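The chain contents come next:
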Amino acid sequence: MQLSELEIIRREKLGQLRALGINPYPADLYPVNHTSKAIKEQYTEGKKVIIAGRLMRKKIQGKASFAEIQDSQGRIQVYFNRDEICSGEDKMKYNELFKKLLDLGDFIGIEGELFTTQVGEITILVKDFKLLSKALKPLPLPKTDSQGNTYDEFIDPEMRYRQRYADLVVNPKVKEVFVKRTKLFTAMRDFFNNSGYFEVETPILQSIPGGAAARPFQTHHNSLDIPMYMRIACELYLKKLIVGGFDGVYEFAKTFRNEGMDRTHNPEFTMMEIYVAYKDYNWMMDFTEELLEYCATQVNGNSKTVFGDHEINFKAPYARVTMTDAIKNFTGFDISDKTENEIREAAKAMGIEVDNAMGKGKLIDEIFGQKCEANYIQPTFITDYPKEMSPLTKEHRSNPELTERFELIICGKELANAYSELNDPIDQRERFEDQVKLAGRGDDEATEFIDQDFLRALEYGMPPTSGMGIGMDRLIMFLTNNASIQEVLFFPQMKPEKKQVAMSEDEKAVFNILKETSPIDLNSLKEQSGLSNKKWDKTIKGLTKHNLVKVEKTPEGMLVTMA
RNA sequence: GACCAGUUAGCUCAGUUGGUAGAGCACCUCCCUUUUAAGGAGGUGGUCCUGGGUUCGAGCCCCAGACUGGUCACCA
């Protein structure tokens, strides 16, 4: 690995520290008893405190210095005075350790007393300090002025996502997003628990990926010698638990879909699914809007949030619009009592691309998706979806063409999806069979697996149940005004960054010798390689250029080392 | 998958017509005992994403590729 000048300097400091008898990575605990936040909130002049954190600012003014320590709660200024730290004749601790060997990013512990500077800033007068961990890489540290303008902000998205640890250290707003994310999960969990529902875990590794139509990640179980899939939903398992007698079950489920990635899709994401017995989708709409109002308020302090150009209000109740009315409203076309062909012609007339693989439901869904969905900014329940698109949903109580399903749309995006769950096992089997036919017709959104075990469970009897799923990542995007899912995932999926260095055959051969012996004398390596002078020169230059090996001149001669 | 844009110092970014690779901050050395993004003086630091090509000469032009972002397609 090629080190930058800054990294070499820091590594040299390690040696200097050890020479002074200072362990740069001590093992013993450090008796922290305050945080930066607590100090600022409960300030008393002269109070003795012990804190620890990263050194994030260092301003040396001769025999005294100001610095800033960043801990998990924020930053606090500390004041280093040479004669406070070094009461005797030996001023090494201030002059060498603090002034020269400590770098920004190092973890240090501080013992000191609180005071307020002439400018009025709460500060710790350092009585003693200890290096807790040396940072060998410089942080990409931005600066902020008194007006709050930042300079040299660490903003390259690729670097921020790949090095989220550094992003979190230097960009406080990033941390806020993740604090809110966890607050959201806590709020939702509290709301469900207070309603008497039961948090469960169901299999992530499944032999039939059910409950949704999406391409799964496939893997293989060696000792069973069968294909297995990462789940694309937990719906079927949760319903099996309702069959088993729970009144309400929910799961925060990491879910995996082997599909395209963009700013709203990550291959692994988090779904919350909840199923409640003896309820229907009307009840679930009431429940959902109360839930979201509660969660938004817990996360942001009130039910309103700004997302892009829009202010969204999560305050219940939300508008409820049937899909038929939505389409009538935005296209003037009434889908009720129309045949598949009439709808296909209407869609074509609207400029929507259609093909024969599309069934009636798919056509209606396309019309809605392209002509209506984007118009709903405030939370709106779209209800009563066509039957064909909803194989797990109970037929509508007053129209057999429709199902008792709703989606919650916010800013033109689907946030939640819910049904009165289909619990008629014979109907369910027929719907699955219809799906298999659709899949055979070429509809890649139709499910091709039939989960016989799920049907068996339904045959034992499932109470009337309503279920609802929420895309948690999307919800937190709305609540933190982030347009990109990568901003709300600690470690969004990225292509591997490691470059495969292509080596020539000669280079590989020399490299393999080095693997056996490194470092090795240059002449002996050359001899072992059996290469001509010219070839040898090219090969060793290629290897050094790719930073795979290092050639060093030492008193013993030229040495070649694996980098 | 298609199209557009980007990739230069630790960070943020300039880089003219193809002619010795730049700035600010950071870093290093020296001075400075209550400062507030930036005290003063001096200095160091580069795989210009990678690989080819054109050229006397490429950060810049051409070709191929990598990665990232955006838009579209896809994603019930």
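Draft legend 1. Spotlight on the overall build of chain A. Within chain A, the secondary structure is distributed over 18 helices and 25 strands. Buried residues in chain A amount to 46% of all 563 residues. Accessible surface, chain A: about 29,100 Å² in total, of which carbon and sulfur atoms supply 50%.

Draft legend 2. Structural view of the pairing of strand β20 (residues 405-410). Of all six residues in β20, six are buried; the element is thus mostly enclosed. Neither face of β20 is exposed, since R405, E407 and I409 on one face and F406, L408 and I410 on the opposite face are all buried. Across four bridges, strand β17 (residues 380-383) lies against β20 in antiparallel orientation. Counterpart to T380 in the pairing with β20 is I409.

Draft legend 3. Looking closely at the pairing of strand β13 (residues 268-277). Along β13, nine of the ten residues are buried, which leaves the element largely enclosed by surrounding structure. In this sheet, β13 lies alongside strand β12 (residues 248-256) in antiparallel orientation, the contact comprising nine bridges. The partner of E251 across the bridge, within β13, is E273. Across seven bridges, β13 lies against strand β22 (residues 465-471) in antiparallel orientation. Note that in β22 the partner of I274 across the bridge is M468.

Draft legend 4. Inspection of the sheet that holds strand β11 (residues 226-230) at higher detail. Within the open sheet, the three strands sit side by side as β9-β11-β10. Their pairing is antiparallel. The open sheet has two edge strands with one neighbour each: β9 (205-206) and β10 (218-221). Summarising the sheet, β9 and β11 pair through two bridges and their orientation is antiparallel. Paired with Q206 across the strands is Y229, a residue of β11.

Draft legend 5. Region of the structure containing the pattern of salt bridges. One pass over the full model with this rule turns up 42 salt bridges. With a shortest N-O distance of 3.6 Å, E345 and K348 are connected by a salt bridge. One end of the pair is E345 and the other is K348, both in helix α11 (residues 340-349) and three residues apart, which spans about a single turn. The partly exposed category is assigned to K348, whose relative accessible area is 45%. Measuring nitrogen to oxygen at the nearest pair gives 3.8 Å for the salt bridge that ties K437 to D434.

Draft legend 6. Spotlight on helix α8 (residues 235-243). Looking only at α8, the buried set comprises E235, L236, L238, K239, K240 and I242. Each element contacted by the buried residues of α8 is listed here: β12, β13, β21 (413-420), α14 (452-459) and β22.

Draft legend 7. Geometry of the nonpolar core. M188, M272, I274, F314, M468 and I470 are the most contacted members of the largest nonpolar core, which totals 45 residues. It is helix α9 (residues 281-300) that provides the largest number of residues to this core, a total of nine residues. With residues up to four places along the chain from it excluded, the contact list for M468 reads M272, E273, I274, M284, T288, L291, F406, A416, N417 and A418. Listed in part, the 25 residues of the second largest apolar core include F80, I85, L114 and V126.

Draft legend 8. Local environment of the layout of surface pockets. Computed from the structure, the second largest pocket encloses a volume of approximately 1,300 Å³. As for the second largest pocket, its lining consists of 36 residues, of which Q70, R75, V170, N171 and P172 are closest to the centre. Looking at the lining of the second largest pocket, the elements with two or more residues in it are β1 (48-61), β2 (64-71), β3 (74-81), β6 (143-144), α6 (164-170) and α7 (172-194). Per element, the largest residue contribution to the lining of the second largest pocket is seven residues, and it comes from α7. Its residues placed into classes, the lining of the second largest pocket shows 14 nonpolar, nine polar and 13 charged.

Draft legend 9. Here's a closer look at the protein's contact with RNA strand B. Neighbouring RNA strand B are 59 residues, the closest being Q77, D83, E158, E259 and H265. Near the protein, meaning within 4 Å, the atoms of RNA strand B are sugar or phosphate in a fraction of 60%, with bases accounting for the rest. Within the side chain of D365, one N or O atom sits 3.1 Å away from a sugar or linking oxygen of RNA strand B. Broken down by secondary-structure element, the contributors of at least two residues to the surface near RNA strand B are α1 (5-19), β1, β2, β3, β6 and α5 (157-162).

Draft legend 10. Expanded view of the confidence of the model for chain A. Averaged over all residues, the pLDDT of chain A equals 88, while 87% of them reach at least 70. Low pLDDT, under 50, characterises residues 500-505; the predicted model gives this stretch eight contacts beyond four residues in sequence or across chains. At the level of chain-chain contacts, confidence expressed as ipTM amounts to 0.91, with global pTM at 0.86.

Draft legend 11. Fine view of empty space enclosed by the protein. Taken as a whole and assessed by the stated rule, the structure comprises one cavity of 30 Å³ or more. For the largest cavity, the calculated volume is near 30 Å³. Along the walls of the largest cavity sit Q206, I208, G210, A233, C234, E235, L236, Y237 and D451, which together make up its complete lining. Counting residues per element, the lining of the largest cavity draws most heavily on α8, which supplies three residues. Grouping the amino acids of the lining of the largest cavity by side-chain chemistry returns five nonpolar, two polar and two charged.

Draft legend 12. Seen up close, the environment of K91. Its location among the elements puts K91 in the loop between α3 (82-85) and α4 (92-101). If we ignore the near neighbours within four places in the chain, the residues touching K91 are R82, D83, C86 and E96.

Draft legend 13. Expanded view of the environment of T339. Looking at the element boundaries, T339 is found in the loop between α10 (323-331) and α11. Given a relative accessible area of 43%, T339 falls into the partly exposed group. Along the primary structure T339 and K360 are separated by 21 residues, whereas in three dimensions their C-alpha atoms are 7.8 Å apart.

Parameters at a glance
- Residues numbered from 1 in each chain as written.
- Chains lettered and ligands numbered in written order.
- Predicted model: local features only at pLDDT ≥ 70, side-chain atom pairs only at ≥ 80, totals over all residues.
- Heavy atoms only, no water.
- Helix = DSSP H or I, 4+ residues; strand = E, 2+ residues; numbered from the N terminus.
- Buried < 20%, exposed > 50% of the residue type's maximum accessible area, 1.4 Å probe, protein only.
- Areas by Shrake-Rupley, 256 points an atom, 1.4 Å probe, with all protein chains shown as cover.
- Pairing = 2+ DSSP bridges.
- Salt bridge = Lys/Arg side-chain N within 4 Å of Asp/Glu carboxyl O.
- Contact = heavy atoms within 4.5 Å.
- Core = buried A, V, L, I, M, F, W, Y, C linked by side-chain atoms within 4.5 Å.
- 1 Å grid on protein atoms, 1.4 Å probe; cavity = no way out; pocket = protein on both sides within 12 Å on 5 of 7 lines; lining within 4 Å.
- Points joined across faces, edges and corners; volume = space filled by probe spheres on them.
- Nonpolar A, V, L, I, M, F, W, Y, C, P; charged D, E, K, R; others polar.
- Near = heavy atom within 4 Å.
- Polar contact = N/O pair within 3.5 Å; in protein donor to acceptor, adjacent residues only side chain to side chain.
- pLDDT = per-residue confidence, 0-100.

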